[in-house]
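Each chain, letter by letter, is given below.
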Amino acid sequence: MAEQTARVRCQRIGCDAMFSPYDNPDDSCRYHDSPIFHDGMKEWSCCKKRSHDFSLFLAIPGCKTGKHTTEKPVLAKPAPPKNPVRAAAPAPDASSKQTCSRCQQGFFCSEHGSQAREKSLQTDSPSQNNTGIQEVLAAPAKKIVGINEPQTCRNKGCGKTFKEKDNHDTACSYHPGPAVFHDRLRGWKCCDIHVKEFDEFMSIPPCTMGWHNADPVS
């Protein structure tokens, strides 16, 4: 009976769920194929969905279904496209930063860096001449969450479900980041660990402890 209740972790990319080998029906697993990293862009080769931000990239729901498995997938390396046409990247402006969800919440954005906060400070300042008076900007409205309501931590490398009543300053193990992808190496700048394979990158243990953060989109 103990063997039938033992649960193991699914190794498919994008799933990471715990399951029992004796209760593993078809379509119980949602996952992705191999990722593609190019010029700061992260893309899933299966559904072509992409993001510049690594946390948002990992949060994209799996597009394929099947059974859970304990075998690590063999990542296919897609061939580069023929005669690639690179579109000119638009210069970052105020409108693009205002529509970025992470910039709106005051979080670090890998695409806009700290410029979004600097822009916000400039536009929200009532007067450029009152240099001796520092205005305190009001924090954005936060979603009201019950202390017993389950939430998913969005800290990089965590992804656990938690309740606010159990949250504390050492509840979460995570990477403060950012993730670094360069010359076929993948790693974390925070702990200076770099590997070549994506599954090895996903297995790098978190280096920092802190509070869980659900990072709700208001």
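Rules used in this analysis
In this convention, every chain numbers its residues from 1, walking through the sequence in written order. Totals for whole chains, interfaces and linings use every residue, but because this is a predicted model, local features are given only for residues with pLDDT of at least 70 and side-chain atom pairs only at 80 or more, for both listing and counting. Think of the side-chain values as coming from all heavy atoms in the structure, minus any hydrogens and water. Each residue gets a pLDDT score, which is the predictor's confidence in that residue and runs from 0 to 100. The numbering of helices and of strands both runs from the N terminus, where a helix is a DSSP run of H or I of at least 4 residues and a strand a run of E of at least 2. Only heavy atoms enter the contact rule, under which two residues are in contact if any of them lie within 4.5 Å. In this scheme, a residue with accessible area under 20% of its type's maximum is buried, one over 50% is exposed, and one in between is partly exposed, where area comes from a 1.4 Å probe on protein chains only. His is not counted, nor are the chain ends, whereas Lys and Arg count as positive and Asp and Glu as negative. We define a salt bridge as a contact between a side-chain nitrogen of Lys or Arg and a carboxyl oxygen of Asp or Glu at a distance within 4 Å.

1. Some points on the confidence of the model for the protein chain
1) Next: Looking at the protein chain, the pLDDT average stands at 74 and 65% of residues meet or exceed 70.
2) Next: Mean pLDDT values for the elements of the protein chain range from 50 in helix H5 (residues 115-124) up to 90 in strand S7 (residues 64-66).
3) Next: Counted against residues more than four places away or in other chains, residues 115-120, with its pLDDT under 50, gives 5 contacts.
4) Next: Under a pLDDT of 50 for its full length, residues 131-137 has, in the predicted model, 3 contacts with residues more than four places off or in other chains.

2. Topic: the side chain of Lys156
1) Next: By the element assignment, Lys156 lies in the loop between strand S8 (151-152) and strand S9 (161-162).
2) Next: The side chain of Lys156 sits in the buried core without any salt bridge; Asp53 is the nearest counter-charge, 5.4 Å away.
3) Next: Contact partners of Lys156, with chain neighbours within four places excluded, come to Ser55, Tyr174, His175, Pro176 and Trp188.

3. Topic: the pattern of salt bridges
1) Next: The full count for this structure, using the stated rule, is 3 salt bridges.
2) Next: For Asp33, the salt bridge goes to Lys64, with nearest N and O atoms at 2.6 Å. Placement of Asp33 in the loop between strand S3 (29-31) and strand S4 (35-38) and of Lys64 in strand S7 is noted, with a sequence separation of 31 residues between them.
3) Next: What makes Asp33 partly exposed here is its relative accessible area of 28%.

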